[in-house]
Amino acid sequence: MRNIDFTDSINAVIQGDMDAFEYLYNQTYSYLRLKVSQYLKKEEDIEDVLQNTYLKIYSELSNLKEPKSFWKWAGTIATNAALTEIRRQKALKNSMVNLMPPTKGSFEKEDKTSAIEALDEIPAETYYAEFNPEASMDVKETKRLIDEMLADLPNNQRECIF
């Protein structure tokens, strides 16, 4: 499997041949999936990282100086993408811990009756250790979806318990 010379396929992909990229994908998918699954266990995380890996491979393929090192190069991209996902998940987990109120009822104000509503009071950049515009949009979208789901619940089921 790793003895395949992808030079012709790589050159074809650089010229815009999507069939050649599909060939590269089919030849490397099992290998890259194995690399990623060494770091991540959830199926959806593995698939997301693989998608990002192949997007990066496609966009950076013309920068590959030695086509014979394609296996190692692609494996490095997959490993780095998996490690980036682990760091992202850790930052998200840490930021969610910081959102937990120190005592019951600390978010409750005259016009704010739940922790979810109180999210409006917290600047988006505080959700993450570093300000990340994409992450900020993710938080806003998550809050919007939670608000929609809560609106569908009966009043007695809307209270959040921390």
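Quick look at the structure, then. Each residue is numbered by its place in its chain's sequence as written, counting from 1. For a predicted model such as this one, the threshold for reporting local features is a pLDDT of at least 70, and the threshold for listing and counting side-chain atom pairs is 80 or more; totals across whole chains, interfaces and linings nevertheless cover every residue. The basis for the side-chain values is all heavy atoms of the structure; hydrogens and waters are excluded.

**Comments concerning the overall build of the protein chain**
When you go through the protein chain residue by residue, the secondary structure sums to six helices and zero strands. Here's how the labels work: a residue is buried when its accessible area is under 20% of the maximum for its type, exposed when over 50%, partly exposed in between, all with a 1.4 Å probe on protein chains only. Across the 162 residues of the protein chain, 31% fall into the buried class. The contact criterion used is simple: two residues touch if any of their non-hydrogen atoms lie within 4.5 Å. Put simply, 52% of the contacts in the protein chain that link residues at least 6 apart link residues at least 24 apart. All accessibility values rest on the Shrake-Rupley procedure with a 1.4 Å probe; residue burial counts only the protein chains present in the view. Accessible surface, the protein chain: about 11300 Å² in total, of which carbon and sulfur atoms supply 52%. Comment: elements are numbered from the N terminus, with helices defined as DSSP H or I runs of at least four residues and strands as E runs of at least two.

**What about the packing of helix α1 (residues 7-14) against helix α2 (residues 18-37)?**
Where α1 contacts α2, the axes come no closer than 7 Å and their chain directions differ by 135°. One way to sum up the angle between α1 and α2 is to call them oblique. In the packing of α1 onto α2, the handedness of the crossing is left-handed. Contacts between α1 and α2 involve Ser9, Ile10, Ala12 and Val13 on the former and, on the latter, Ala20, Phe21, Tyr23 and Leu24. Of the residues assigned to the contact of α1 with α2, the class counts are seven nonpolar, one polar and no charged. Between the N-to-C directions of two axes lies an angle of 0 to 180 degrees, each axis being a line fitted to C-alpha atoms and, for a helix, fitted only over the stretch in contact. The scheme is simple: roughly parallel for angles under 35 degrees, roughly antiparallel for over 145, roughly perpendicular for 65 to 115, oblique for anything else. Crossing handedness is defined as follows: a turn of the near helix away from the far one that is anticlockwise and smaller than a right angle gives a left-handed crossing, while the clockwise case is right-handed. We call Asp, Glu, Lys and Arg charged. Ala, Val, Leu, Ile, Met, Phe, Trp, Tyr, Cys and Pro are nonpolar, and the rest, Gly among them, are polar.

**With respect to the packing of aromatic side chains**
Only centres within 6.5 Å qualify two rings of Phe, Tyr or Trp (six-membered ring in Trp) as a pair; their planes then separate them into stacked at under 30 degrees, edge-to-face at over 60, and tilted for everything else. If you walk through the whole model with that rule in mind, you get nine aromatic pairs. Aromatic pair Tyr31 and Trp71: ring centres 5.0 Å apart, planes at 85°, arrangement edge-to-face. On the criterion of sequence distance, the pair formed by Tyr31 in helix α2 and Trp71 in helix α4 (residues 70-99) is long-range, its members being 40 residues apart. Each member of the pair, Tyr31 as well as Trp71, carries the same accessibility label: buried. These aromatic residues form a ring-pair network of at least three members: Phe6, Tyr23, Tyr31, Phe70, Trp71 and Trp73.

**Some points on α2**
An ideal rise of 1.5 Å per residue puts 28 Å on 20 residues; α2 measures up with 26 Å between its terminal C-alpha atoms. Two axes enter the definition of the bend at a residue: one is fitted to the seven residues ending there, the other to the seven starting there, and the bend is the angle between them. The largest bend along α2 measures about 50° and falls at Thr28. Every buried residue of α2 is accounted for by Ala20, Phe21, Leu24, Thr28, Tyr29, Tyr31, Leu32 and Val36. At the N-terminal boundary of α2, the capping side chain belongs to Asp17, with an oxygen 2.9 Å from the backbone nitrogen of Asp19. How far a helix is expected to stretch is found by multiplying one less than its residue total by 1.5 Å. For this analysis, a polar contact is any N or O atom pair within 3.5 Å, provided that within protein one partner can donate a hydrogen and the other can accept it, and provided that sequence-adjacent residues contribute only side-chain to side-chain pairs.

**A word on the side chain of Thr53**
Topologically, Thr53 is positioned in helix α3 (residues 43-60). In contact with Thr53, not counting residues within four places along its chain, are Leu32, Ala74, Ile77, Ala78 and Ala81.

**As for the nonpolar core**
Membership of the largest hydrophobic core comes to 25 residues, with the highest contact counts inside it found for Leu32, Val36, Ile57, Leu61 and Phe70. Sequence-distant contacts of Leu61, that is, excluding residues within four places in its chain, are made with Ile10, Val13, Ile14, Leu24, Phe70 and Trp73. For this analysis, a nonpolar core means a set of buried residues of the types Ala, Val, Leu, Ile, Met, Phe, Trp, Tyr and Cys, connected via side-chain atoms within 4.5 Å.

**A look at the pattern of salt bridges**
Throughout this description, the term salt bridge denotes a Lys or Arg side-chain nitrogen within 4 Å of a carboxyl oxygen of Asp or Glu. Per the counting criterion, the structure on display carries three salt bridges. The residue Arg33 makes a salt bridge to Glu43 at a minimum N-O spacing of 2.6 Å. With Arg33 in helix α2 and Glu43 in helix α3, this residue pair connects regions lying 10 residues apart in the sequence. In this structure Glu43 comes out as partly exposed when scored by relative accessible area, which is 40%. Linking Glu47 and Arg33 is a salt bridge whose minimum nitrogen-to-oxygen distance equals 2.8 Å. Of this pair, Glu47 sits in helix α3 while Arg33 sits in helix α2, and the two are 14 residues apart along the sequence. By relative accessible area, Glu47 is classed as partly exposed at 32%. Here the salt bridges do not stand alone but share partners, grouping Arg33, Glu43 and Glu47 into one network.

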